[in-house]
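Next come the chains, spelled out residue by residue.
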Amino acid sequence: MQLLNLTPLDALFDPHIPALTSTAPSSRFATATRSHLGGELRASHVGAKVKLGGWVHRTRNLGGIVFLDLRDRAGLVQVSFDPKWTPADVIERAGKLGLETVITLEGEVAARPVEMRNAEMEAGEIEVRARGFQIVGPAETPAIPVARGKGEKLPAEELRLKHRNLDLRRFELQKNLILRHRLQQATRRFLDERGFLEIETPILTKPTPEGARDYVVPSRVHPGEFYALPQSPQLYKQLLMIAGFDRYFQIARCFRDEDLRADRQPEFTQIDIEASFISPEDIISLTEGMLAVLFQESGHDIPPKFERLSYADAMERFGSDRPDLRYALELFDASEAFRGSEFGIANSALAAGGRVRGIRIPGGATLSRKQVDEIELVAKSAGAGGLIRLKRGASGLEGPAAKFLSESAAQRLAVGEGALCLLVAGAEHVTSPALDRVRQDVAQRLSMVPEDKRSFLWVTDFPLFIREQNGGLSSVHHPFTAPNPEDIKFLDSAPEKVRALAYDVVFNGTELGGGSIRINDPALQRKVLSLLGIDSQTAQLRFGFLLDALSVGAPPHGGIALGMDRIAMMLAGASSLRDVIAFPKTTAARALFENAPSAVPPEDLRDLHLQTMTN
RNA sequence: GGGGCCGUAGCUCAGCUUGGUUAGAGCACUCGACUGUCACUCGAGAGGUCGCGGGUUCGAUCCCCGUCGGCCCCGCCA
């Protein structure tokens, strides 16, 4: 199933498999028991006496002669046991080896006769002629297979997570985690070269006002008190700026106790960056440079500068703050065409201050009634009352709403030959999400997403606040985001009009990260907190340490955080975060391999001054 | 919190539609044959709490209810 907004990149890019190891003639992995990785042996090694160690991936016992594929981190190599070079008792034992047994062996690299080469194997031109071997790690029959037959499906994900040690032996996952390692090293190199300091921040900390639920850790020495795991190192990195470190980064683990998705884990990793004396442009070009390096790490060139779109434009033209710009399908406003008409749905929306908005779909007339019904379902699930359908027929516009439209109004909608027009009436918060979903759904259906195209985009000028259902304000980004200086004058009169100095980076409709310039004026910070409904007493209690720090000489500063897991997932061409995390959690935030969470003994609870409410 | 899909041998699946003898296949496993295979091949064998609990029924893998677990989505979450 295609994930919403998460297009696996293997469709986009040539499947680029980074070499798992060096293929230098002499292995960097040599130890007393092993001279090479078997998977890195090539024709250039022919004649070499080698000692290998690895897992029995597959065996082929032909009676007098035995072949086995030995697997290690670098790949597979065929080992042959033949009376011409192998003692009889060794062949006998080799024929009985079970899959996933760990063995060490001694032998010689030999070229295979031409007709016996295996073009599907990287080491298919050679084989290792074994003289002897030792079982160093006996294996029971594995619970899930590591070697799969062609076309054989993966075991159920539940089993893969339960037997993660076996699943991680598969090349796909090894490749993904090695890619992730490279991305992390490239990140460190890139930022280090630019003067950024990697500084660790606490894991046991105070609740951060990020909006998500905190994971909470009880204190043994302070009855009834708790730490929280960080949702991000936000406040710490600001404190580091105030302390004068000037440029900071961290490949930081973050924790959020919210329900999961394929692209969401309860603990995840961010490339967290903060710098002083900078403008949004500095952060933007730094991020562009870094993403170029990261994409380069898996072989992809990206544009040096990304497109830009203001939040207002993005919402108006695409109904989303992270639009996928690989295809057009822009939204338009059809309100004027319906103003004064007898069309009830449109009228009530307009009367309530809403609008009629929609998209024109070139070639959309070919969509069947059933398909449009399905699209309507998508719109409804995003909150729309329904879809107003219009298309051009022989006698003008057709559709239930057509008869309410005057000639000039119909003209105005500019529905072309063969096009379908889908409209949603309602308030902004109804039309935008609905049309965003419709736009994506239609693009998928009509194959309008170019597989070879990539869209990198900055969305800027986010609003600082959003009006909650209960009438209060809350932060769009977080409470420490600086307002645009031009808009500070609206803070009291029209806070929703205040733009933030915040920016998100979006790739193919997926948010890769976001950041902002932070408030470094304690008075302004207090002001923003009070607008958020946090009275000064509470502000002092929760953020006093920040407010105090801002008062003792805080440089202007700002930064960004990028989702490491998502970037790794996209570059690996994976469809789930779980495939780029060594030990991920299930959608119920459970760890199946080690079985966490689990109950603790009553005496431990007593030490922590805790009681559980069972039933 | 809500919706959808799934759960049968160690693994991947069939059987369930329309309840009824002994629940099948491929791979893996055990035993045997086989001297150039590469998903080796061939023969034989072992392997099942049909996720769990309850209900309907003379009888439930199959129908109903509940529950547990996994996945996807909405809410939630940058």
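Look above for the structure.
Residues numbered from 1 in each chain as written. Chains lettered and ligands numbered in written order. Predicted model: local features only at pLDDT ≥ 70, side-chain atom pairs only at ≥ 80, totals over all residues. Heavy atoms only, no water.

(A) Layout of the side chain of Arg-355. Structurally, Arg-355 can be placed in strand β13 (residues 355-361). A polar contact of 2.7 Å, which involves the side chain of Arg-355, links it to the side chain of Glu-316. (Helix = DSSP H or I, 4+ residues; strand = E, 2+ residues; numbered from the N terminus. Polar contact = N/O pair within 3.5 Å; in protein donor to acceptor, adjacent residues only side chain to side chain.)

(B) Region of interest: the pairing of β13. Taken across its 7 residues, β13 has 6 buried, putting it largely inside the fold. With 7 bridges joining them, β13 and strand β16 (residues 420-426) adopt antiparallel strand pairing. Opposite Arg-355, over in β16, you have Gly-426 as the bridge partner. (Buried < 20%, exposed > 50% of the residue type's maximum accessible area, 1.4 Å probe, protein only. Pairing = 2+ DSSP bridges.)

(C) Fine view of the environment of Cys-421. Mapped onto the fold, Cys-421 is located in strand β16. By relative accessible area, which is 0% here, Cys-421 ends up buried. C-alpha separation for the pair Cys-421 and Ile-361, spaced 60 residues apart in sequence, amounts to 6.0 Å. Once residues lying within four places of it in the same chain are set aside, the contact partners of Cys-421 are Phe-332, Ile-359, Arg-360, Ile-388, Arg-389, Leu-390 and Val-415. (Contact = heavy atoms within 4.5 Å.)

(D) Molecular detail of helix α14 (residues 536-550). For α14, with 15 residues, the first-to-last C-alpha span of 15 Å runs short of the 21 Å given by 1.5 Å per residue. At Phe-543, α14 shows its largest bend, some 90°. Along α14, the positions that sit buried rather than exposed are Ala-539, Phe-543, Gly-544, Leu-546, Leu-547, Ala-549 and Leu-550. For α14, the elements touching its buried residues are α5 (234-242) and α13 (522-531). (Expected span 1.5 Å × (residues − 1). Bend = angle between axes of the 7 residues up to and from the residue.)

(E) Focus on the sheet that holds strand β12 (residues 331-333). Strand order in this open sheet of 5 strands is β12-β13-β16-β14-β15, and the pairing throughout is antiparallel. Each having just a single partner strand, β12 and β15 (396-398) make up the two edges of the open sheet. With strand direction ignored, the average angle separating the axes of adjacent strands in the sheet is 30°. Sheet topology places strand β14 (residues 388-393) next to β16; 4 bridges connect them, and they run antiparallel. Bridge assignment links Leu-390 to a residue of β16, and that residue is Cys-421. In the packing of helix α10 (residues 369-381) onto the sheet, contacts are made with β14 and β16, and the angle to β14 comes to roughly 150°. Contacts from helix α12 (residues 428-445) reach β12, β13 and β16 within the one sheet, and its direction differs from that of β13 by about 10°. (Axes fitted to C-alpha atoms, helices over the stretch in contact; angles between N-to-C directions.)

(F) Looking closely at the side chain of Gln-238. Position of Gln-238 among the secondary structure elements: in helix α5. Given the relative accessible area of 0%, Gln-238 is considered buried. Excluding anything up to four places from it in sequence, Gln-238 contacts Glu-274, Phe-480, Arg-518, Ile-519, Leu-546 and His-557.

(G) Structural context of the sheet that holds strand β3 (residues 75-81). Reading around the circumference, β1-β2-β3-β5-β4 is the order of the 5 strands in this closed barrel, with mixed pairing throughout. The mean angle between the axes of side-by-side strands here comes to 55°, regardless of whether they run parallel or antiparallel. Two strands pair when backbone bridges link them, and β3 and strand β5 (residues 126-137) are joined in this way by 2 bridges, in the parallel orientation. Looking at the pairing, Ser-80 lines up with Arg-129 of β5.

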